[in-house]
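Chain by chain, the residues:
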Amino acid sequence: MTATAGTAGTSGTVDPQDIARFSAIAAEWWDPAGKFRPLHRLNPLRLAYIRDTLCRRFGRDPLATEPLKGLRIVDIGCGGGLLSEPVARMGATVVGVDAAERNVRTAAAHAAETGTPVEYRATTAEALAATGERFDAVLAMEVIEHVADVPLFVKSCAELTAPGGALFLATLNRTPKSFALAIVGAEYILRWLPRGTHNWRQFLRPGELAAAVRAEGMAIRDLTGITYNPLSDEFRLNPRDLDVNYMGWAERA
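Residues numbered from 1 in each chain as written. Predicted model: local features only at pLDDT ≥ 70, side-chain atom pairs only at ≥ 80, totals over all residues. Heavy atoms only, no water.

Take the overall build of the chain next. In terms of regular secondary structure, the chain is built from 8 helices and 8 strands. Partitioning the contacts of the chain with sequence separation of at least 6, the portion at a separation of at least 24 is 68%. With the model as given, the accessible surface of the chain reaches about 10,600 Å², and the carbon-plus-sulfur share is 54%. (Helix = DSSP H or I, 4+ residues; strand = E, 2+ residues; numbered from the N terminus. Contact = heavy atoms within 4.5 Å. Areas by Shrake-Rupley, 256 points an atom, 1.4 Å probe, with all protein chains shown as cover.)

Printed below as a string of structure tokens:
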């Protein structure tokens, strides 16, 4: 659902059509009733998962005022900053990265309005990795299904992950159920997302994601499904149902 981590017009992880698509609606990132409403509804679940995982890994108290203080985190494909800002408010030093400059401008303007210290950069995952920077945690949430070169994207994210760090990934499974719900349902019936937001052929099965991560010397430590309850309008974690949305994290040994 977020923009891909690439630079328009160049080879690499970028899909120029996706960059254009997300740039066109960049002003709507922080509208909870707008085109990014599903992400706003999903955000508390994603944030709790990231916080709790990192607190277990680094021996932190998840109930502390700033449980992630002292950790350096990069949010790849940050879009308008929906993850970057609350992670920064948990005390982490956050760098938000996106290929679409309009997204970065929107994110930076909102962070300035709220007084949230996030450093935003219009760049690519592979370009950032090439600088040699490393992070305690790399967030690549709802991004990988939009990139043009999955192996390069995973390689770049792995390189950005410091030894002992964690790489978080969230995406959609390539199943008939995901086509029915994420494409037909979300884009054509419910109109949660603009038509064409997702390409079902670019969705990744959990085994494919795990293989890509393993090829870079990392190991998946957890995968959990995300299900939606239309009656309560809530997303929930469901480790037994990875048929549509799922997320997890990988370890850098």
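Picking up where we left off.
This part covers the pattern of salt bridges. Counted under the stated rule, the structure contains 18 salt bridges. We note a salt bridge from Arg 41 to Asp 233, for which the minimum N-O separation is 3.4 Å. Note that Arg 41 is positioned in helix α2 (residues 37-58) and Asp 233 in the loop between β6 (218-229) and β7 (234-238), a separation of 192 residues in sequence. Given a relative accessible area of 16%, Asp 233 falls into the buried group. Among the ionic pairs, Lys 177 bridges to Asp 243, the shortest N-O distance being 3.8 Å. With Lys 177 in helix α7 (residues 176-189) and Asp 243 in the loop between β7 and β8 (245-252), this pair connects stretches of sequence that are 66 residues apart. The structure contains a network of salt bridges with shared partners spanning Arg 72, Glu 119, Arg 121 and Glu 133. (Salt bridge = Lys/Arg side-chain N within 4 Å of Asp/Glu carboxyl O. Buried < 20%, exposed > 50% of the residue type's maximum accessible area, 1.4 Å probe, protein only.)

Another point: the packing of aromatic side chains. In the structure shown here, the tally under the stated rule is 3 aromatic pairs. Measuring from centroid to centroid gives 3.7 Å for Trp 29 and Phe 36, while their planes differ by 10°, and the two rings are stacked. Of the two residues, Trp 29 and Phe 36, both sit in the buried class. Their ring planes at 85° and their centres at 6.2 Å tell us that Tyr 49 and Phe 168 sit as a pair that is edge-to-face. With Tyr 49 in helix α2 and Phe 168 in strand β5 (residues 161-172), this residue pair connects regions lying 119 residues apart in the sequence. Of the two residues, Tyr 49 and Phe 168, neither departs from the other in class, the shared state being buried. (Phe/Tyr/Trp six-rings, centres within 6.5 Å; stacked < 30°, edge-to-face > 60°.)

Another aspect to go through is the nonpolar core. One recurring pattern in soluble globular proteins: nonpolar side chains tend to sit buried together. In this structure, Leu 54, Leu 68, Ile 73, Val 87, Met 141 and Phe 168 are the most contacted members of the largest nonpolar core, which totals 36 residues. Sorting the residues of this core by element identifies α2, α3 (84-89), α4 (101-114), β3 (118-122), β4 (135-141), β5 and β8 as the ones contributing at least two each. A per-element tally of this core places α2 first, with 8 residues. If we skip the residues at most four places from it in the chain, Val 87 touches Leu 47, Leu 68, Ile 73, Ala 92, Val 94 and Leu 139. Cys 157, Val 213, Leu 242 and Tyr 246 belong to the second largest nonpolar core, which has 28 residues in total. (Core = buried A, V, L, I, M, F, W, Y, C linked by side-chain atoms within 4.5 Å.)

Okay, the sheet that holds strand β1 (residues 72-76) next. If you trace the 8 strands from one edge of the open sheet to the other, you get β3-β2-β1-β4-β5-β8-β6-β7, paired in mixed fashion. Bordering the open sheet on either side are β3 and β7, each of which pairs with just one other strand. Each adjacent strand pair in this sheet contributes to an overall mean axis angle of 20°, direction not counted. Sitting on the sheet, helix α6 (residues 150-160) touches β1, β4, β5, β6 and β8, and the angle it makes with β5 is about 145°. (Pairing = 2+ DSSP bridges. Axes fitted to C-alpha atoms, helices over the stretch in contact; angles between N-to-C directions.)

A separate point is the UniProt feature "binding site: S-adenosyl-L-methionine" (unreviewed entry) in the chain. UniProt's entry tags Arg 46, Gly 77, Asp 98 and Met 141 with the feature "binding site: S-adenosyl-L-methionine" (unreviewed entry), counted in the numbering of this structure. In this structure, Arg 46 is in contact with Leu 39, Leu 83, Met 141, Glu 142 and Met 247, ignoring residues within four places of it in sequence. Relative to the elements of secondary structure, Asp 98 occurs in strand β2 (residues 93-98). Taking the relative accessible area as the measure of exposure, Asp 98 reaches 0% and is therefore buried. At 2.8 Å, the side chain of Asp 98 and the backbone nitrogen of Gly 79 are in polar contact. (UniProt positions renumbered as here; feature names shortened; annotations may be inferred. Polar contact = N/O pair within 3.5 Å; in protein donor to acceptor, adjacent residues only side chain to side chain.)

Counted residue by residue, β2 has 5 buried out of 6 residues, so it is predominantly covered. Pairing of β1 with β2 involves 5 bridges; the strand directions are parallel. When the bridges of β2 are listed, Arg 72 appears paired with Thr 93. Crossover β1 to β2 through α3 is right-handed. Across 5 bridges, the pairing between β2 and β3 is parallel. When the bridges of β3 are listed, Gly 96 appears paired with Tyr 120. Handedness of the crossover joining β2 and β3 through α4 is recorded here as right-handed. (Right-handed = clockwise from strand over helix to strand, strands pointing away.)

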